[in-house]
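Close look at the chain arrangement
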Amino acid sequence: MISVLALDIDGVLTDGKVTLDESGSELKTVSYWDIDAVFMVQRRGFQVVLVTGETSPWVDMIARRLEIKYVCQGAKDKCRALQNICADLGTDLNEVCYVGDSMRDVGALAMVGLGLVPADASPAARAVAHRVLKHGGGNGAVAEAVEMVLQTLEQASVENHEKRAVPVYRLVK
């Protein structure tokens, strides 16, 4: 059962584009739909982590904005990053849903319990993902991933309840 939602930033939380202002500062956008989804899944008890190859003040800002405490910056090796995260959190890779979008994410997508990619992910990432989302990075992909994870959890809960159901006996006269 999924208990950790691990997100890449560029190409997942954002559309993967960078706008530079005249001072050289990076400007990126994040969908409110995705922001709301992150807060919703956190309220449901999931651990949300950011795993990004970037190291920048923007990463720190987005982590603060989304109240994400576990951030792995400069993670060029996403597989090792996810293994370290699982060790730190005391969880198994099968309990991780990872959302990535690029060649750098391929190994990580294949090794987790649920590997998801936005619709506009690289061909290599789409080829190994468990599912390709309908929405693009920065345009609702995270919200769609959260919805999918919550539906999977709900379905597992129903199946567990059905397995534990006590048979009803009727007295026959």
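Refer to the preceding data block for the structure.
To start, this report covers the structure provided alongside it.

Cut-offs applied
- Residues numbered from 1 in each chain as written.
- Predicted model: local features only at pLDDT ≥ 70, side-chain atom pairs only at ≥ 80, totals over all residues.
- Heavy atoms only, no water.
- Helix = DSSP H or I, 4+ residues; strand = E, 2+ residues; numbered from the N terminus.
- Contact = heavy atoms within 4.5 Å.
- Areas by Shrake-Rupley, 256 points an atom, 1.4 Å probe, with all protein chains shown as cover.
- Buried < 20%, exposed > 50% of the residue type's maximum accessible area, 1.4 Å probe, protein only.
- Phe/Tyr/Trp six-rings, centres within 6.5 Å; stacked < 30°, edge-to-face > 60°.
- Lys NZ or Arg CZ within 6 Å of the ring centre and 35° of its normal.
- Pairing = 2+ DSSP bridges.
- Expected span 1.5 Å × (residues − 1).
- Polar contact = N/O pair within 3.5 Å; in protein donor to acceptor, adjacent residues only side chain to side chain.

**Observations regarding the overall build of the protein**
Of regular secondary structure, the protein possesses seven helices and eight strands. Across the protein, the fraction of contacts at a sequence separation of at least 24, relative to all contacts at a separation of at least 6, is 51%. About 9700 Å² of surface is accessible on the protein, with carbon and sulfur atoms providing 51% of the total.

**A look at the environment of Asn 94**
Its location among the elements puts Asn 94 in the loop between α4 (78–89) and β6 (96–99). Judged by its relative accessible area of 52%, Asn 94 falls in the exposed class. In this structure Asn 94 touches Ile 2 and Gly 113, once residues within four positions along its chain are discounted.

**Brief notes about the packing of aromatic side chains**
Applying the stated criterion across every chain yields a total of zero aromatic pairs. Directly above the aromatic system of Trp 58 lies the positively charged group of Lys 28, at a separation of 5.1 Å from the ring centroid.

**Quick word on the sheet that holds strand β5 (residues 70–72)**
In spatial order, the strands read β5-β4-β1-β6-β7-β8; together these six strands make up an open sheet with parallel pairing. Every other strand in the sheet has two partners, leaving β5 and β8 (131–132) as the edge strands with one partner each. Judged from the two bridges that link them, strand β7 (residues 114–117) and β8 form a sheet pairing that is parallel. Opposite Val 117, over in β8, you have Val 132 as the bridge partner.

**Looking at helix α2 (residues 32–43)**
Between its first and last C-alpha, α2 extends 17 Å over twelve residues, near the 16 Å set by a 1.5 Å rise per residue. Residues of α2 that are buried: Asp 34, Ile 35, Ala 37, Val 38, Phe 39 and Val 41. A distance of 3.1 Å separates the backbone nitrogen of Trp 33 from a side-chain oxygen at the start of α2, and that oxygen is part of Ser 31. In the stretch just after α2, Gly 45 is the one whose phi turns positive, near 100°.

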